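Here are the chains, one letter per residue:
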Amino acid sequence: MLLDRSWRRAGALVALAIALGAVGCGGGDDDGGGAEGESVELSFLVDNSEQSVKPAEALIEAFQQDNPDIKINLETRPQGGDGDNVVKTRLSTQEMADLFAYNSGSLFQALNPPSQLQPLNDEPWVGDLDDAFKPAVSVDDQVYGAPFGAASGGGILYNKKIYEKLGLEVPRTWDEFMANNAKIKDAGIDPVIQSYGETWTSQLFVLADYHNVAAQDPEWDQKYTSNQVKYAQEPAIEGFKHLEEISKADYLNKNYGSIKFPAALSLLAQGKGAHYPQLTFTVPNLETSDPDKIDDVGFFAQPGQSADDNGLTLWLPGAVYVPRTVEGAKLDAAKKFLAFVASPEGCEVQAKAFAPSGPFMLKGCELPDDVPAAIKDLQPYVDEDKATPALEFLSPVKGPALEQITVEVGSGLRSAEDGAKLYDEDVKKQAQQLGLEGW
Amino acid sequence: MSIEVRERAMPRTGVARPRSRRRAKKSAYPYWFYLPAFAVFFVFFLLPTFSSFYYSLTRWTLFDSEFIGLENFQRFFDEPALTKGLTNTLIYAVTTSGLKVVLGMLLAVLLTSSVIGRAFMRSVVFFPVLVSTIGVGLTFTVLMEPDQGLINDALGLVGIEGPRWLVDPKYALLSVALVDVWKGVGLATVIYIAGIVSVPREYYDAARVDGATPAKLFRYITLPLAWPATVTVIILSLIGGLRSFDLIWAMTRGGPGFTSDVIASVIYKQYQAGFYGLSTAGNVVLFVLVTAIILPLYSFLRRREVQL
């Protein structure tokens, strides 16, 4: 009966393993927080970039001073695709932190907010949200997040000294822009800087053109989501054509294929190049590399077909969300923290901790006076209501391969038309994965 | 037959009863002995393999899946990056494998001769194999930087303007392949050393008596008798080349654009973008491709082996 005995032993081992496993799982579960009046501990997950961590730390510190019975612990996660996976996995396994910062717009939509996140429509600050921002954290008119950080402008950073010296004017149409480029080239300066060493920077000519697209067709985003318009058609193809034109005209810096954005910004500030299509959140980098030249860098929105419609494409800030699993005293404490984040005082604390990349998305918040010139240049567009959120905040359809395609078009490896068509194929996969209608 | 003879010669333990005689013929251990190994094999190998065949036919997320038949495969083969990835994979695999065979053989001939510092040189050649691939990739990315990198600086000293290595679409894939060869040639060399050392000295002596030149010794003795080593090197490096990913990802991420994409990096990007069904289908394709190339190649190469 040796066999039987060993079977029984194996059975005991299995039972032990199961019991250990159960204990392991049990350890991961936090308790639901104390009763009213007792101190509450919350966790707050942000990505590990300086521009997220610093404001988050400052917000926590200021908030805890006013609310000594609430303790908030900061956790960090990687940025980019790896970070997306962390957020999605932790949400779906119900192990998300009590508060977490994440993108607004289409990435937020991909989290399946109604089933995963706490609805926040009844919070007092919801009425103060900027009209451009509100839809980016809402599903079916239900708000799920409070703005974290400031918006960023996408367009052309330019060297003001070069413009002064050559007597140029800020262009409002693409033709004016190209005319400026020709004069700059004649003066022996690289007209346009690109930094394909960091592939995402190659997308700007296409993505920052969205205000111009929306100016021609205000409902372009909805038509795009339901597969009625394409990038290979006018007006959206213009962005790809711009990339091609710049490359064909040989307007680029020699090392455009290898440098990264801090080096490119430096070239711009030092006047070795005149234009750099970029997001304004990168400008504070100059404070470490070229602090004395930071105000030589200005900003204008990407020129389009008509001067009257010219305006800014706006990148909205991320938001702080609360997962649905948070309940009771913890939920109350979390909502209290959100109300602080979405208050003028909260904006001020964040602005002090990290230089804002553009206007705040909350009524009553103002930019401090000491922000770099390029960021000040954004405010008029927002004040004159000449700003449109970038497409990724309006439509969940964004293909993952755009940055590779724009590198190819921008390096002259692929034609604009071909690139736009390829991108249309790329987004099809995204739309199908999301289960959108019409694809 | 021989098994049975050996079995009868073995002393029987008390555990074995007459009833178990038939079973003992098939396996040396009682069945429960296999259970842990089988459980591991089932849970971690069989189950994922077969479930991936199923999931390649669905569009799935962490929460649910929708059966869509062969649509994923159709989409995967429509993928514009795929043709590029496929040719790049083949170019990469053949280039690295070929260079490793040639260089590995030459290095092994050198390192089996009575050269000074042989043991030291052997370990130096093998050293890159031990270093982390990602580390090698990142280091060479810095070295190959076109404007400030050490390699182009060094070439500049002797008056050569080096290529723009990883940034130039023409050279990106080849640059990575060269680094792969540098990193992997040590293993090929070690295999060849073992192969060459196992060739009996008498063959060389006999050939020399017959008046063979060193070139002829290499051509007619070393080369054919080291054939099993060549087979191993080709198979190993070809499989490695076909599924190569880490070095390419660390150095170019498939760029510039799609110019150095291989199948594995195409699949990875799809997975990263959340196209889980599509990337599962890609993995099934990769599995079939590797099998379709390696199996016939292996049996072909085996047939050419020289019996010692």
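Quick caveat, the model's predicted, so the values are computed rather than measured. (Residues numbered from 1 in each chain as written. Chains lettered and ligands numbered in written order. Predicted model: local features only at pLDDT ≥ 70, side-chain atom pairs only at ≥ 80, totals over all residues.)

## Remarks on the overall build of chain A
In terms of regular secondary structure, chain A is built from 20 helices and 13 strands. Over its C-alpha atoms chain A spans a radius of gyration of 25 Å, differing by no more than 12% from the 22 Å that the globule rule assigns to 439 residues. Projected onto the principal axes, the alpha-carbon positions of chain A cover approximately 90 × 60 × 40 Å. For chain A, buried positions account for 49% of its 439 residues. (Helix = DSSP H or I, 4+ residues; strand = E, 2+ residues; numbered from the N terminus. Rg over C-alpha atoms; globule rule 2.2 N^0.38 Å. Buried ≥ 20, exposed ≤ 12 C-beta atoms within 10 Å, placed from the backbone.)

## Quick word on the overall build of chain B
Regarding its fold elements, chain B presents 15 helices and two strands. Within the span of chain B, comprising 308 residues, buried residues form 32% of the whole. For chain B, contacts bridging at least 24 residues in sequence account for 71% of all contacts bridging at least 6. (Contact = placed C-beta atoms within 7 Å.)

## Notes on the domain arrangement of chain A
You can read the domains of chain A as domain 1 (40–151 + 316–353) and domain 2 (154–315 + 397–434). Distance between the C-alpha centres of domain 1 of chain A and domain 2 of chain A: 31 Å. (Domains from an automatic or database assignment.)

## Comments concerning the confidence of the model for chain B
All names here are of chain B. When pLDDT is averaged along chain B, the result is 84; 89% of the residues meet or exceed 70. Here helix 1 (residues 2–9) stands out as the least confident element of chain B, with mean pLDDT 41; helix 9 (residues 172–197) is the most confident, with 93. A low-confidence stretch, residues 20–24 stays under pLDDT 50, and its non-local contacts, those more than four residues away or across chains, total one contact. Predicted as a complex, the structure gets a pTM of 0.76 and an ipTM equal to 0.73. (pLDDT = per-residue confidence, 0-100.)

## As for unusual backbone geometry
All names here are of chain A. Residue glutamate 234 is joined to proline 235 through a cis peptide bond whose omega torsion reads 0°. Of note, proline 235 is situated in the loop between helix 10 (220–225) and helix 11 (238–248). Although it is not a glycine, glutamine 94 sits at a positive phi angle of roughly 60°. When you line up the elements, glutamine 94 lands in the loop between helix 3 (80–92) and strand 3 (99–102). Exposure remark for glutamine 94: the 12 C-beta atoms within 10 Å place this residue in the exposed category. In this model, aspartate 140 sits at a positive phi of 50°, which is unusual for a non-glycine residue. In this fold, aspartate 140 is placed in the loop between strand 4 (138–139) and strand 5 (142–143). Residue classification places aspartate 140 among the exposed residues on the basis of 6 C-beta atoms within 10 Å.

## Focus: the interface of chain A and chain B
It is common to report an interface's size as the accessible area lost on association of the parts. Each partner contributes residues to the interface: chain A has 23 residues there, and chain B has 24 residues. Among the elements of the structure, helix 1 (2–28), helix 3, helix 19 (402–410) and helix 20 (416–434) of chain A are those that each provide at least two residues to the side of chain A that touches chain B. Among the residues making up the side of chain A that touches chain B, the classes are represented as nine nonpolar, eleven polar and three charged. (Nonpolar A, V, L, I, M, F, W, Y, C, P; charged D, E, K, R; others polar.)

## As for the packing of helix 11 of chain A against helix 20 of chain A
All names here are of chain A. Helix 20 packs onto helix 11 with a crossing angle of 140° between their chain directions and a minimal axis gap of 8 Å. Taken together, the axis directions place helix 11 and helix 20 in an arrangement best described as oblique. Along this stretch, helix 11 crosses helix 20, giving a crossing that reads as right-handed. Contact residues: helix 11 offers Phe240, Lys241, Leu243 and Glu244, while helix 20 offers Ala416, Gly419 and Ala420. Class assignment for the residues of the contact of helix 11 with helix 20 results in four nonpolar, one polar and two charged. (Axes fitted to C-alpha atoms, helices over the stretch in contact; angles between N-to-C directions. Parallel < 35°, antiparallel > 145°, perpendicular 65-115°, else oblique. Left-handed = near helix turned anticlockwise from the far one by under 90°.)

## Observations regarding the sheet that holds strand 2 (residues 70–77) of chain A
All names here are of chain A. Pairing is mixed in the open sheet, where five strands are placed in the order 2-1-3-12-6. Two strands in the sheet have a free side with no partner beyond their single neighbour: strand 2 and strand 6 (145–148). Taking the axes of each pair of neighbouring strands and ignoring which way they run, one obtains an average angle of 25° across the sheet. On top of the sheet, helix 2 (residues 50–66) reaches strand 1 (40–47), strand 2 and strand 3; it is set at about 175° to strand 2, its chief contact. Helix-sheet contacts for helix 14 (residues 328–341) involve strand 1, strand 2, strand 3, strand 6 and strand 12 (318–321), and the interaxial angle to strand 1 is about 50°. (Pairing = 2+ DSSP bridges.)

## Focus: the confidence of the model for chain A
All names here are of chain A. Averaged over every residue, the pLDDT of chain A is 87; the share at 70 or more is 92%. Counted against residues more than four places away or in other chains, residues 1–8, with its pLDDT under 50, gives five contacts. Per-residue pLDDT stays below 50 along residues 10–36; that stretch engages in 14 contacts with residues further than four places along the chain or on separate chains.

## Observations concerning the pairing of strand 12 of chain A
Residue and element names in this part refer to chain A. Judged by which residues are buried, strand 12 turns out to be covered on both faces: Gly318 and Val320 on one side and Ala319 and Tyr321 on the other are all buried. Sheet topology note: the strand 6/strand 12 ladder contains four bridges and is antiparallel. Counted as the bridge partner of phenylalanine 148 is glycine 318 from strand 12.

## What to know about the nonpolar core
Inside soluble globular proteins, nonpolar side chains tend to come together where they are buried. Residue and element names in this part refer to chain A. The biggest cluster of nonpolar side chains holds 123 residues, and the ones touching the most others in it are Phe44, Leu99, Phe100, Leu268 and Val320. The element that contributes the greatest number of residues to this core is helix 20, accounting for six residues. Looking at which domains feed residues into this core, each of domain 1 (40–151 + 316–353) and domain 2 (154–315 + 397–434) gives three or more. Each residue touching leucine 99, except ones within four places of it in the same chain, is listed here: Leu42, Phe44, Val320, Val322, Ala334 and Phe337. (Core = buried A, V, L, I, M, F, W, Y, C linked by C-beta atoms within 7 Å.)

## Let's talk about helix 19 of chain A
Residues and elements named next belong to chain A. Of all the nine residues making up helix 19, nine are buried; the element is thus mostly covered by neighbouring parts of the structure. What helix 19 keeps buried is the set Leu402, Glu403, Gln404, Ile405, Thr406, Val407, Glu408, Val409 and Gly410. The secondary structure elements touched by the buried residues of helix 19 are helix 8 (204–207), helix 11 and helix 20. A positive phi of about 80° marks glycine 412, the residue just after helix 19.

## Section: the environment of glycine 105 of chain A
All names here are of chain A. Counting through the fold element by element, glycine 105 comes out in the loop between strand 3 and helix 4 (106–109). Of the residues examined, glycine 105 has 24 C-beta atoms within 10 Å and is grouped as buried. The spatial distance from the C-alpha of glycine 105 to the C-alpha of glutamate 50 is 22 Å, given a sequence separation of 55 residues. For glycine 105, the contacting residues outside a window of four places in its chain are Ala136, Leu316, Glu392 and Phe393.

## What about the environment of glycine 277 of chain B?
Residue and element names in this part refer to chain B. With respect to the element layout, glycine 277 can be found in helix 15 (residues 276–303). Classification of glycine 277 by C-beta neighbours within 10 Å gives buried; the count is 26. For glycine 277 and arginine 59, which are 218 residues apart along the polypeptide, the C-alpha to C-alpha distance reads 4.6 Å. If we ignore the near neighbours within four places in the chain, the residues touching glycine 277 are Tyr55, Ser56, Thr58, Arg59, Trp60 and Asn72.

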